[in-house]
Amino acid sequence: MDKKDLIVQLAKKTGSTQSSAKKFLEAFTDLIADNLTVDNKIRIVGFGTFEVRARSERKGINPATKEEIIIPASVTPVFKAGQVLKNIVTENNDKLGK
């Protein structure tokens, strides 16, 4: 599913227009991004947690040259699914035989 498909389904689910659904989705993603730069964690009970994690500097290997390189320290956003979401996914995959 891509962003366009998500907007279409969001509009159907809420009974709104695709334009309204697009505005809502963009506002939601903007709020997540903006707040992660300030709070570093956003919890949506039953769905999951968005947070920022720091990655320390580490050694790696350039796959093209096989040379050892230093990968610089960085911060990255991550999402951890909540138990309710995990249960829904597990139940649906069990029904599909996955």
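The structure this text deals with has already been given above.
Here we summarise the structure given alongside this text.

## Structural notes on the overall build of the protein chain
Here comes step 1: Looking only at helices and strands, one finds 3 helices and 5 strands in the protein chain.
Here comes step 2: Taken from N to C terminus, the helices and strands of the protein chain fall in the order α-α-β-β-β-β-β-α.
Here comes step 3: Since a compact globule built from 98 residues should have a radius of gyration of about 13 Å, the 19 Å found for the protein chain marks it as more spread out than a globular shape.
Here comes step 4: Once the C-alpha set of the protein chain is aligned to its principal axes, its extents read approximately 55 × 40 × 30 Å.
Here comes step 5: Each of the 98 residues in the protein chain was classed as buried or not, and the buried ones make up 13%.
Here comes step 6: Counting every atom, the protein chain has about 8000 Å² of accessible surface; 56% of that belongs to carbon and sulfur.

## Focus on the pattern of salt bridges
Here comes step 1: Scanning all chains against the criterion turns up 4 salt bridges.
Here comes step 2: Salt-bridge contacts for Lys-3 lead to Glu-26; the nearest nitrogen and oxygen are separated by 3.2 Å. Of the two residues, Lys-3 is situated in helix 1 (residues 3-14) and Glu-26 in helix 2 (residues 18-36); the sequence distance between them amounts to 23 residues.
Here comes step 3: Between Arg-53 and Glu-51 there is a salt bridge, with its nearest N and O atoms 3.2 Å apart.
Here comes step 4: Overall, the relative accessible area of 14% leaves Glu-51 in the buried class.
Here comes step 5: What emerges from the salt-bridge pattern is a single network uniting Lys-41, Glu-51 and Arg-53.

Reading the values: the criteria
Residues numbered from 1 in each chain as written. Predicted model: local features only at pLDDT ≥ 70, side-chain atom pairs only at ≥ 80, totals over all residues. Heavy atoms only, no water. Helix = DSSP H or I, 4+ residues; strand = E, 2+ residues; numbered from the N terminus. Rg over C-alpha atoms; globule rule 2.2 N^0.38 Å. Buried < 20%, exposed > 50% of the residue type's maximum accessible area, 1.4 Å probe, protein only. Areas by Shrake-Rupley, 256 points an atom, 1.4 Å probe, with all protein chains shown as cover. Salt bridge = Lys/Arg side-chain N within 4 Å of Asp/Glu carboxyl O.

Just distances and angles here, no functional claims.
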